[in-house]
Each structure stands twice: as structure tokens, then as C-alpha cells.
Number of protein chains: 2
Amino acid sequence: MHRTKVKVAQDVLDANDTIARANRADFDAAGVRVVNLMSAPGAGKTTLLERVLADGVVRDEAVRVGVLEGDVQGSLDAERLSALHVPVTQLNTAPGFGGECHLDANMVRAALPELALDEIELLVIENVGNLVCPAEFRVGEDARAMIASVTEGEDKPLKYPLMFRACELVVINKIDLLPHLELSLEDLLANLDRVNPHARHLLVSARTGEGVDAFADWLAEVARREAVPA
Amino acid sequence: MHRTKVKVAQDVLDANDTIARANRADFDAAGVRVVNLMSAPGAGKTTLLERVLADGVVRDEAVRVGVLEGDVQGSLDAERLSALHVPVTQLNTAPGFGGECHLDANMVRAALPELALDEIELLVIENVGNLVCPAEFRVGEDARAMIASVTEGEDKPLKYPLMFRACELVVINKIDLLPHLELSLEDLLANLDRVNPHARHLLVSARTGEGVDAFADWLAEVARREAVPA
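The rules behind the values
- Residues numbered from 1 in each chain as written.
- Chains lettered and ligands numbered in written order.
- Predicted model: local features only at pLDDT ≥ 70, side-chain atom pairs only at ≥ 80, totals over all residues.
- Heavy atoms only, no water.
- Helix = DSSP H or I, 4+ residues; strand = E, 2+ residues; numbered from the N terminus.
- Buried < 20%, exposed > 50% of the residue type's maximum accessible area, 1.4 Å probe, protein only.
- Lys, Arg positive; Asp, Glu negative; His and termini not counted.
- Salt bridge = Lys/Arg side-chain N within 4 Å of Asp/Glu carboxyl O.
- Contact = heavy atoms within 4.5 Å.
- Least-squares fit on C-alpha atoms with pLDDT ≥ 70 in both.
- Phe/Tyr/Trp six-rings, centres within 6.5 Å; stacked < 30°, edge-to-face > 60°.
- Core = buried A, V, L, I, M, F, W, Y, C linked by side-chain atoms within 4.5 Å.
- Buried area = accessible area lost by both parts, 1.4 Å probe.
- Polar contact = N/O pair within 3.5 Å; in protein donor to acceptor, adjacent residues only side chain to side chain.
- Nonpolar A, V, L, I, M, F, W, Y, C, P; charged D, E, K, R; others polar.
- Pairing = 2+ DSSP bridges.

On to the side chain of B:Lys45. Residues and elements named next belong to chain B. Tracing the chain through its elements places Lys 45 in helix α2 (residues 45-52). For the buried Lys 45, no salt bridge is present, and the opposite-charge side chain at shortest range is Glu 126, 4.5 Å distant. When near neighbours in sequence (up to four residues on either side) are disregarded, Lys 45 contacts Leu 37, Met 38, Ser 39, Ala 40, Glu 126, Asn 127, Gly 129 and Ile 147.

Printed below as a string of C-alpha cells:
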């Protein structure tokens, strides 16, 4: 009985990975690189994207970007980004059981026909705000990045290690608030290093714009990467 | 096929509610009231509890409180609270698939034998930091409360309505940071009212202590409530 249960769980995992590979193949065929951008609710994903996207391009790099906006429900963030003339597709998870707390490969696949892949070079998938499950589901992305707000405290890498391990880039946002917090940035970085010594980190304030150029540069670098078979 | 799947999902929901009722009956038998405390990661659940719990009682009210600490992994928060001589039980969700993003009734049931119910009048269950799934699973609680940090933005009630609707109390935390944010508190409260006009809200700074007494009073009020059959 136990063995059967494990087998079922394995099948489910494989289904997601199979569909993620199919997504990746379609993205590759269209010459589009994909970033899966994750964070806790309110860490600043949309504000950061607003900062780096204007008229549909990553600033100064002329990389044409589209966004797939994942939310439990509503389209508030999609509306903010489409005001910047970025092609945005809304993907709501609410039709699922009570509102899924993450995107999975099959949800992204369902949105594929709506994505203007021939108009863009980079697709940023803004995941549902959550530090647990989004890290468990590949969706066909080339790179995974997360935003950690300094207001969330030093301990988050230790409490949500899978998320911090799953990402090659950790954007530490809201650094303009550091003078008003008791946070030790040194401890936060040490905890990140403990959990994922390979992660690169950027210190950013999406509000003031400080450090945002480095995130734009990273997006442009991902857009220029060679396709690697999934 | 579709019909079969729906039936299975319904069975799972029923199983959680069945176990939640059993938990509630056990809490009632022990004369213990239970609060399910939820929030996004880093909103300040543990800091707020540190403020109101000292030497195991809610301040000035002499209500003996215990804590069930839900985390994906680790016991950082439990260690912080046990330093205050509060009976704390750690419940980690990591043994599940990749680390469950919420507590459910069965996890809480598994922790029941570890809870010192005869030593307390109120149990605070600190859920996993997440604004989606914790709202979907009753665990046998008498009352549900959430913390929304002002750093998370005005739009969170609209983006995570189930969570804001599930709670009778919304603690708006980190108000000491308001002078340093562009947040409109008025808009946040209007959005909360739109989603859940019945919710009570408190304005609090767990860091400075402002407004924390009102949260302690609310906990004491819950502790004094008559048992209502689940």
C-alpha cells in the first residue's frame, strides 16, 4: 500500500517534468528564454518589473520582454505591467482547488497559445507569491530568480531553504528601508550562503531604483544565453 | 474520469474537516481554546507572539498560552518562544512532498499528544507563512487571525481574498514603518473592507509594542469564549 502511494506521487512529479520539457522545447523553438520569478507576497516582483520594463524592452539592452502573470485571482499586476506596453498574459489559479498556491507546468502550457512568443526574446513568469510550492514545480524556465525583501527578516533562507536553493539569483529588495529596520544584512547574506553558496545576490530598491540596473543586466544576460536542452 | 477526480477531491476535503472536528472536540474536552494564526512569510507572527507572551501568560490577563509552531523545517521560531517559558511544540511539514506549505487537521492531530493541554487555556497555532493554502484547511481552531504587514502593499486583500475572508481578525503590523513607505493605509483598509466587511482590524507594531495590548486583549477574549460545538 505504501509502495503504491509512493509510485503515484512519482507519476505526478514526472507528469509535471514531462510537460515542463515540452514547454521548454516550445520556448526554444520560438527563440525565447524564460525566467521564473518567485517571492513571498508583497516582496516587490511587480514593482521591480515595472522598474526594468518600459515600452516592452529591458532598458538599454533592447531585449523585448513579455510577462506571464500568475495570481490566485484578479489581474491587478497584469494591468500595472500592460500600462508599460509590455505584452502580458494573465494566468489565474483560482479555478483549481481553492486557488492553487503556485504555477505548474500544465498551467503554463495552457497559457502558451496566449503568449506572443514571436514578439519577444524573454518571457518573465511572475509566479504566485509564496516561498514554498513554486520552488517545487519547474514550468519550462531557463533560469529561476527570487526576490527576498529585507522586511521579511534574516531567517528566511533557513526557513524556506528549497526556494533559496532553487534559484540562481536572489534579489534582496527594499534596501531603502534598511536604516529603519533592525535587520542584519550580514546575517541574511550568511544564511543565504549557508543554504545556497552558488546563488548570486543583488541589493536593490525597486522603489528608488538603486541596484535595479544590475537586475536588468541579468535579464538581458539570460535572454542572450544559448538554448540548453531541458 | 473527470467525475471520479472530483469525487476524490471531495473525500479529501471531508477527511480534513472530520479530523478538524475531532481535534476541536479534544481541545474542548481539555478546556482549551485555539487560535489559528496565519500570514505571509516575515509578516511578524513570531515577533508579535514574543511581545504578548511572557512567562507563559498573555500579559495582564493571566491566560496561560501554549504555541504549536508550524514550519516547513527547522525550529528557529519555537526556540525564540520557548525562551519566554511558553510551552512550544514544533510541527515540521518537510516530511511531506517537498515540504507542505500549510498545516492541515491531520498534522495538528499528530502533534496532539505532544501538546501540554492540561497546562494551558489557549493554544496559538502559528501556521506556515503563506497567504493561500493555510486558509483552506481548518485544523480544529475556535478563531482565525492573520497578520498583514504594511510593507506588503495595499492590494493583498484583493489578491489573496480567501485568506482575508477566512479570518475574524486582521492584525496590520509594522505600522512603525508607515512614514517610510508610500503605502496608503486608507486604501489597504478599504480593500480589506471590500473583501471582508466583518473582519476586525488592529493597527500594531510588534517591534515598538504600539497596539500590541489590543491583540493580547483579543487573545484573552478568545480564551474566555464558551465552547461552541464544531
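With an RMSD of 0.0 Å, chain B superimposes on chain A once it is rotated by 180 degrees and translated 0.0 Å along the axis. Within this description, the copies of the chain are treated as partners about a two-fold rotation axis. In terms of C-alpha distance to the rotation axis, chain B has B:Asn130 as its closest residue, with the C-alpha 3.0 Å off the axis.

All names here are of chain A. Under the criterion given, the structure shown has 2 aromatic pairs over all chains. For the ring pair Phe 215 and Trp 218, a centre distance of 6.1 Å and an interplane angle of 20 degrees mean the geometry is stacked. Linking Phe 215 with Trp 218, this pair stays in helix α8 (residues 212-223), spanning 3 residues, or about one helical turn. The class of Phe 215 is buried, set by a relative accessible area of 0%.

On to the nonpolar core, then. Among the nonpolar cores identified, the biggest contains 88 residues, and A:Leu123 and B:Leu123 are the most heavily contacted of them. Filtering out sequence-adjacent residues up to four positions away, B:Leu123 remains in contact with B:Phe27, B:Val32, B:Arg33, B:Val34, B:Val35, B:Gly66, B:Val67, B:Leu68 and B:Leu115.

On to the interface of chain B and chain A. Taken together, the 38 residues of chain B in the interface contact 38 residues of chain A. Carbon and sulfur atoms make up 60% of the surface buried where chain B meets chain A, a total of about 3000 Å² over both sides. Scanning the region where chain B abuts chain A turns up 6 salt bridges. Among the salt bridges present, the one from B:Lys159 reaches A:Asp71, with a minimum N-O distance of 3.2 Å. Where chain B packs against chain A, one counts 11 residue pairs in polar contact (both at pLDDT 80 or more). Within the residue set of the side of chain B that touches chain A, elements represented by two or more residues are α3 (76-82), α5 (156-159) and α6 (161-166) of chain B. Its residues assigned to classes, the side of chain B that touches chain A shows 18 nonpolar, 8 polar and 12 charged.

Turning our attention to the pairing of strand β1 (residues 33-39) of chain A. Residues and elements named next belong to chain A. Taken across its 7 residues, β1 has 7 buried, putting it largely inside the fold. Covered by surrounding structure in β1 are Arg 33, Val 35, Leu 37 and Ser 39 together with Val 34, Asn 36 and Met 38, the residues of both alternating faces. Here β1 runs beside strand β6 (residues 122-126); their pairing, made up of 5 bridges, is parallel. The residue of β6 that forms the bridge with Val 35 is Val 124.

Further remarks concern the pairing of strand β6 (residues 122-126) of chain B. Residue and element names in this part refer to chain B. Of all 5 residues in β6, 5 are buried, a share of seventy percent or more. With burial as the criterion, each face of β6 is covered, one bearing Leu 122, Val 124 and Glu 126 and the other bearing Leu 123 and Ile 125. Where strand β4 (residues 63-71) and β6 come together, 5 bridges link them in parallel fashion. Bridge pairing in β6 links Glu 69 to Glu 126.

This next bit is on the side chain of B:Glu69. By the element assignment, B:Glu69 lies in strand β4. Here B:Glu69 sits buried without a salt bridge, and the closest side chain of opposite charge, A:Lys159, lies 5.1 Å off (N-O distance). Dropping the residues within four chain positions of it, B:Glu69 is found in contact with B:Thr46, B:Asp77, B:Ala78, B:Leu81, B:Val88, B:Thr89, B:Gln90, B:Leu91 and B:Glu126.

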